[in-house]
Amino acid sequence: MATFGLLVTHAPFEQQHAFTAYRFALSALALGHEIKGVFFYQAGVQNANGYQAGHSDEFNVHQAWVELSAHHGIPLNVCVTAANRRGVINAQDAKDNDQQGFNLTEPFIEVGLGDLVELSQVSDRVIQF
Amino acid sequence: MTKTLGVINSTAPYGVSNGQESLDLALASANFGQEVTLFFIDDGVFQLLKSQQPIPEQGKHYSKTFSALTFYDIDDIYVCQQSLNERSLEVSDLCIEVTALPPEQLNQQLAQLDHLMRF
Amino acid sequence: MTLHIVSTSPFGTTLFEGVFQRCSKNDGIMLIQDGVYALNHVEVYRQLKELNLSLGIACFALEDDVVARANQVKSAGVDSELIRCISMEDFVVLTLDFKATISW
């Protein structure tokens, strides 16, 4: 069985990439492969924004990632620099920047780009979406 | 670190942030000891032009960082000769030392790497 | 051997020219999302055929994305031998048949 790392560089809803990445992950898991982690970079960090409030009958990619992580123990790593630039911040960032709210919570974790390097080291394939 | 990384730059600077975030990734990879090779193809070759004068308010002059690549031991920098030709550019128009290759040879370099990311 | 994953429509861009320029012998092309509109593009489709013959480039399209866009391979007059419609699971397996992937 193989190991995969997924790199998501596009925002959800606006474009299909994150949805495709999620479905790729499900299929890889169904085949018995291991997803070592999902790394969110560039506009992909918007996947980690927990303030998404679409209609109840719409697919929520953010929630789908959360459930995927819960069921399969897959790390959801978000580049902190890319996220903060785009208004995706965790509780500590909010405190540091005097912001009233924060929208990045676990299982999404803020990390540096070094974690993408690590992911690529332990993955047979890194697929960018 | 055993797996090698190729970072492909195929978009022009300023209009989109790809170039800056790609460079951040390349530098971070080198910092973490991952062997990284850079490619500039298609509109990506515009990132390397000399004498860029970005609007100061748009942020730091990221293309100046290209000259620091060598300090990060990133010396494998390949540019697509055909992409240069199509844009009426020459290697002498570029701000750093690169290896310009015809497509077939550039593709051979790409094919040797374990992971490829494009920006 | 590289699998080129193309998610952009060929209409109105020169992206596919760039992808074709990066193709080496026995590479593969995987059309996903709007990339499946390549099946409707006469010139791009002709080039896919040519690359298949000259460099052994295999071409695949993600079936769900083709069907979602009402872009039935049959009705588009596309040779199903040349462009194989595959499932998401097949796509996963396909990425393992190649050394690396580039997403376009």
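Cut-offs applied
- Residues numbered from 1 in each chain as written.
- Chains lettered and ligands numbered in written order.
- Predicted model: local features only at pLDDT ≥ 70, side-chain atom pairs only at ≥ 80, totals over all residues.
- Heavy atoms only, no water.
- UniProt positions renumbered as here; feature names shortened; annotations may be inferred.
- Helix = DSSP H or I, 4+ residues; strand = E, 2+ residues; numbered from the N terminus.
- Buried < 20%, exposed > 50% of the residue type's maximum accessible area, 1.4 Å probe, protein only.
- Contact = heavy atoms within 4.5 Å.
- Areas by Shrake-Rupley, 256 points an atom, 1.4 Å probe, with all protein chains shown as cover.
- Lys, Arg positive; Asp, Glu negative; His and termini not counted.
- Charge placed at Lys NZ, Arg CZ, Asp CG, Glu CD.
- Phe/Tyr/Trp six-rings, centres within 6.5 Å; stacked < 30°, edge-to-face > 60°.
- Axes fitted to C-alpha atoms, helices over the stretch in contact; angles between N-to-C directions.
- Parallel < 35°, antiparallel > 145°, perpendicular 65-115°, else oblique.
- Left-handed = near helix turned anticlockwise from the far one by under 90°.
- Nonpolar A, V, L, I, M, F, W, Y, C, P; charged D, E, K, R; others polar.
- Buried area = accessible area lost by both parts, 1.4 Å probe.
- Salt bridge = Lys/Arg side-chain N within 4 Å of Asp/Glu carboxyl O.
- Polar contact = N/O pair within 3.5 Å; in protein donor to acceptor, adjacent residues only side chain to side chain.
- Disulfide = S-S within 2.5 Å.
- 1 Å grid on protein atoms, 1.4 Å probe; cavity = no way out; pocket = protein on both sides within 12 Å on 5 of 7 lines; lining within 4 Å.
- Points joined across faces, edges and corners; volume = space filled by probe spheres on them.

Looking up chain C in an unreviewed UniProt entry gives the name tRNA 2-thiouridine synthesizing protein B, with the organism given as Paraglaciecola mesophila KMM 241.

By the naming in an unreviewed UniProt entry, chain A is Sulfurtransferase tusD, taken from Paraglaciecola mesophila KMM 241. UniProt lists a comment for chain A under the heading Subcellular location (unreviewed entry), and it reads "Cytoplasm". As recorded by UniProt, the Sequence similarities (unreviewed entry) comment attached to chain A reads in full: "Belongs to the DsrE/TusD family."

(A) Highlighting the overall build of chain A. When helices and strands are counted, chain A shows five helices and five strands. When the elements of chain A are put in sequence order from the N terminus, they spell out β-α-β-α-β-α-α-β-α-β. Taken along the three principal axes of its C-alpha coordinates, chain A extends 45 × 35 × 25 Å. Burial status across chain A gives 54% buried among its 129 residues. Pairs at least 24 residues apart make up 77% of the contacts formed inside chain A by residues separated by at least 6 positions. For chain A, the computed accessible surface area is about 5800 Å², with 48% contributed by carbon and sulfur atoms. The distance from the centre of the 6 positive side-chain charges to the centre of the 13 negative ones in chain A is 7 Å.

(B) Structural view of the packing of aromatic side chains. A full pass over the atoms with the stated rule returns 14 aromatic pairs over all chains. Taking the centre distance of 5.8 Å and the plane angle of 85 degrees together, the rings of Y22 of chain A and W65 of chain A count as edge-to-face. Remark: W65 of chain A occurs in helix α2 (residues 61-72) and Y22 of chain A occurs in helix α1 (residues 17-30); sequence separation between them is 43 residues. The exposure class of Y22 of chain A is buried, given its relative accessible area of 12%. Using a relative accessible area of 0% as the deciding quantity, one classes W65 of chain A as buried. Measuring from ring centre to ring centre gives 6.1 Å for Y41 of chain A and F119 of chain B, while their planes differ by 85 degrees; the resulting arrangement is edge-to-face. One end of the pair, Y41 of chain A, is in the loop between β2 (34-40) and α2; the other, F119 of chain B, is in the segment after β5 (115-118), on a second chain.

(C) Highlighting the packing of α1 of chain A against α2 of chain A. Residue and element names in this part refer to chain A. At a minimum axis distance of 10 Å, the contact between α1 and α2 shows a crossing angle of 20 degrees. It follows that α1 is roughly parallel to α2 by the angle criterion. Note on packing geometry: the crossing formed by α1 with α2 is left-handed. Residues A18, A21, Y22, A25, L26 and L29 of α1 pack against V61, A64, W65, L68 and H72 of α2. Taken together, the residues that form the contact of α1 with α2 break down as 10 nonpolar, one polar and no charged.

(D) The interface of chain C and chain A, seen in detail. Each partner contributes residues to the interface: chain C has 18 residues there, and chain A has 17 residues. Carbon and sulfur atoms make up 58% of the area that chain C and chain A hide from each other, which totals about 1500 Å². The tally of links between chain C and chain A comes to one salt bridge. Taking the shortest distance from any N to any O, the salt bridge between R23 of chain A and D64 of chain C comes out at 2.2 Å. For the pair chain C and chain A, the interface holds 11 residue pairs in polar contact (both at pLDDT 80 or more). Broken down by secondary-structure element, the contributors of at least two residues to the side of chain C that touches chain A are α3 (63-68), α4 (88-97) and β5 (100-103) of chain C.

(E) Inspection of the state of the cysteines at higher detail. Residue and element names in this part refer to chain C. Scanning the entire structure with this criterion turns up zero disulfides over all chains. Not part of a disulfide, C59 finds its nearest cysteine sulfur in C23, a span of 9.3 Å. Judged by its relative accessible area of 4%, C59 is buried. Left without a disulfide partner, C85 is nearest to the cysteine sulfur of C59, which lies 9.6 Å away.

(F) Representation of the layout of surface pockets in the model. Taken as a whole, the largest pocket spans an internal volume of roughly 830 Å³. The wall of the largest pocket is formed by 35 residues, among which T11 and R118 of chain B together with T8, L15 and W104 of chain C lie closest to the centre. Per-element tally for the lining of the largest pocket: the top contributor is helix α1 (residues 15-21) of chain C, with four residues. Split by residue class, the lining of the largest pocket holds nine nonpolar, 18 polar and eight charged. Lining the second largest pocket are 17 residues, with P12, F13, Q52, F59 and V61 of chain A sitting closest to its centre. Considering only residue class, the lining of the second largest pocket consists of eight nonpolar, seven polar and two charged.

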